[in-house]
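Descriptive structure summary
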Amino acid sequence: MTIKSRNKIILTIAIISTLSLLFFLITLTVAKITNQITPPAFYIRTFFSNFKLPLFDYHFLAAFLSISAFAVYVPVISLTCYKNFENTPSLEILFFQAFLIGILCEEVRFFMTLFSFHKSYSFILLVIGKVVIAGRILVPLSLFFSFAFNSVEDRQNAERNFIILLFVSMATGLLFPLETQSTTSTCTVLWSFRKIFSILRFTIFLSTLVILLLNRFYKKLNEYGLIAVSYVIMCSGYFLLCLSDNYLAFIVSTIAFYFGSFLYLKSIHKADLI
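Here's a quick rundown of the structure. For every chain, the first residue of its written sequence is number 1, and the numbers climb from 1 along that sequence. Local features in a predicted model are, by the rule used here, given only for residues with pLDDT of at least 70; side-chain atom pairs are given and counted only at 80 or more, and totals for whole chains, interfaces and linings are based on all residues. Excluded from the side-chain calculations are hydrogens and water; all other atoms, namely the structure's heavy atoms, are used.

Quick notes on the overall build of the chain
Labels follow the DSSP assignment, with helices taken as runs of H or I lasting at least four residues and strands as runs of E lasting at least two, numbered in each case from the N terminus. Helices and strands together make up the secondary structure of the chain, namely 10 helices and 2 strands. In sequence order, the chain lays out its α and β elements as α-α-α-α-α-α-α-β-β-α-α-α. Using C-alpha atoms as the atom set, the radius of gyration is obtained and then compared with a globule rule of 2.2 Å times the number of residues to the power 0.38. For 274 residues, the compact-globule estimate of 2.2 N^0.38 gives 19 Å, and the chain sits close to it at 19 Å. With respect to the three principal axes, the spread of C-alpha positions in the chain is 55 × 35 × 30 Å. Relative to its full complement of 274 residues, the chain shows a buried share of 51%. Between two residues, a contact is recorded if the distance between any of their heavy atoms is within 4.5 Å. Put simply, of all contacts in the chain between residues at least 6 apart along the chain, 79% involve residues at least 24 apart. Between the centroid of the 21 positive side chains of the chain and the centroid of its 12 negative side chains there is a distance of 4 Å. In this scheme, a residue with accessible area under 20% of its type's maximum is buried, one over 50% is exposed, and one in between is partly exposed, where area comes from a 1.4 Å probe on protein chains only. Positive residues here are Lys and Arg, negative ones are Asp and Glu, while His and the chain termini are left out of the count. Lys charges are placed at NZ, Arg charges at CZ, Asp charges at CG and Glu charges at CD.

Focus on the pattern of salt bridges
A carboxyl oxygen of Asp or Glu within 4 Å of a side-chain nitrogen of Lys or Arg is what we treat as a salt bridge. In total, this model carries 2 salt bridges according to the counting rule given. A salt bridge links Glu-106 to Arg-109, with the nearest nitrogen and oxygen atoms 2.8 Å apart. Judged by its relative accessible area of 0%, Glu-106 falls in the buried class. Shared partners join several salt bridges into a network, and the residues in it are Glu-106, Arg-109 and Arg-136.

So, the environment of Arg-136
Within the secondary structure, Arg-136 is located in helix α5 (residues 122-148). Note on Arg-136: relative accessible area 5%, which makes it buried. Linking Arg-136 and Phe-99, residues 37 residues apart in sequence, is a C-alpha distance of 9.4 Å. Contacts of Arg-136, omitting those with residues within four sequence positions, involve Glu-106, Arg-109, Trp-191, Phe-197, Arg-201, Tyr-238 and Cys-242.

Observations concerning the packing of helix α2 (residues 60-85) against helix α3 (residues 91-104)
Packing of α2 against α3 brings their axes to within 9 Å, and their N-to-C directions diverge by 165 degrees. Taken together, the axes of α2 and α3 lie roughly antiparallel to each other. Two packed elements cross with a definite hand, and for α2 against α3 that hand is left-handed. Note on element contacts: α3 touches α2 through Ile-93, Phe-96, Gln-97, Phe-99, Leu-100, Ile-103 and Leu-104, opposite Phe-70, Tyr-73, Val-74, Ile-77, Ser-78, Cys-81 and Phe-85. For every element, the axis is a line fit to its C-alpha atoms; helices are fit only across the contacting stretch, and the angle between N-to-C directions ranges from 0 to 180 degrees. Comment on the angle field: the value is read as roughly parallel under 35 degrees, roughly antiparallel over 145, roughly perpendicular from 65 to 115, and oblique elsewhere. Each helix crossing is assigned a hand: it is left-handed if the near helix lies turned anticlockwise from the far helix by less than a right angle, otherwise right-handed if that turn is clockwise.

Remarks on the packing of aromatic side chains
Centres within 6.5 Å make a pair out of two Phe, Tyr or Trp rings, where for Trp the six-membered ring is used; the pair is then stacked when the planes are under 30 degrees apart, edge-to-face when over 60, and tilted otherwise. On inspection of all chains with the given rule, the structure shows 24 aromatic pairs. Geometrically, the ring pair formed by Phe-96 and Phe-99 is stacked, given 4.9 Å between the ring centres and 20 degrees between the ring planes. Residue Phe-96 and its partner Phe-99 are both found in helix α3; the two are separated by 3 residues, about one turn of the helix. Taken as a pair, Phe-96 and Phe-99 share a single burial class, namely buried. One aromatic cluster in this structure is built from Phe-70, Tyr-73, Phe-202, Phe-205, Tyr-231, Tyr-238, Phe-239, Phe-257 and Tyr-258.

Overview of the nonpolar core
For soluble globular proteins, the rule of thumb is that nonpolar side chains tend to be buried together. Ranked by internal contacts, the top residues of the largest apolar core, which has 38 residues, are Tyr-73, Phe-96, Phe-99, Ile-103, Phe-257 and Tyr-264. Among the secondary structure elements, those contributing two or more residues to this core are α1 (3-33), α2, α3, α5, α8 (194-219), α9 (222-243) and α10 (247-272). With 9 residues, α9 is the single largest residue contributor to this core. Side-chain atoms within 4.5 Å link the members of a nonpolar core, which is a set of buried Ala, Val, Leu, Ile, Met, Phe, Trp, Tyr and Cys residues.

Structural data, given as structure tokens:
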């Protein structure tokens, strides 16, 4: 894949994510004016239910702001990628665009809160659940592909690997079973085999970290150590932001996610210039 083709992908994601954010803001405005913002009346807290301190009490606005943090993130980071990597032949940034697509999938959770979609439209709930699952497997997989398939030989098959990455994520979303009768405090539907799904994502996360640490050891470049640190910060913020339904988690995860992402891109850029 040429730099020109990759830059077109980056710009496309930047445009789509910006339009998506504008669409959400317009829809939110209409919903607010018509009093159609409806938090789930019955919900399951999948993570923070065991935290009994007041700081971890459920707040619908905190969950809503967490989704908003994802919505703002994609256009900001995609434009940052274009500005800083426009002339840099970085394969990692190509797969990072798949990461951004996975983040963009989180925006569909908005529709759980607008116009009472969560009360009666089971098909919409099904779509929301499957899109979220596809995005949440795409995010760790894209980072894994960034470092597992970035050799000279892999660069010749970058487009094929990018398509495989998207296909595997979409197939996972389509085939994974859901429990659409149950909604969560983070504005999505519950899915089956949650522990297996979480273990799978965590395994991919750890595998990528091992690859980064091995690169640091064998190539003896400090930049790979910085990439590993920023990767942990970014992914920790991401995972926590997905689960955020209280203000403390929202604030901590948003700071970690944004700071880790900018540090990750900066360290990738330094490594590419060596």
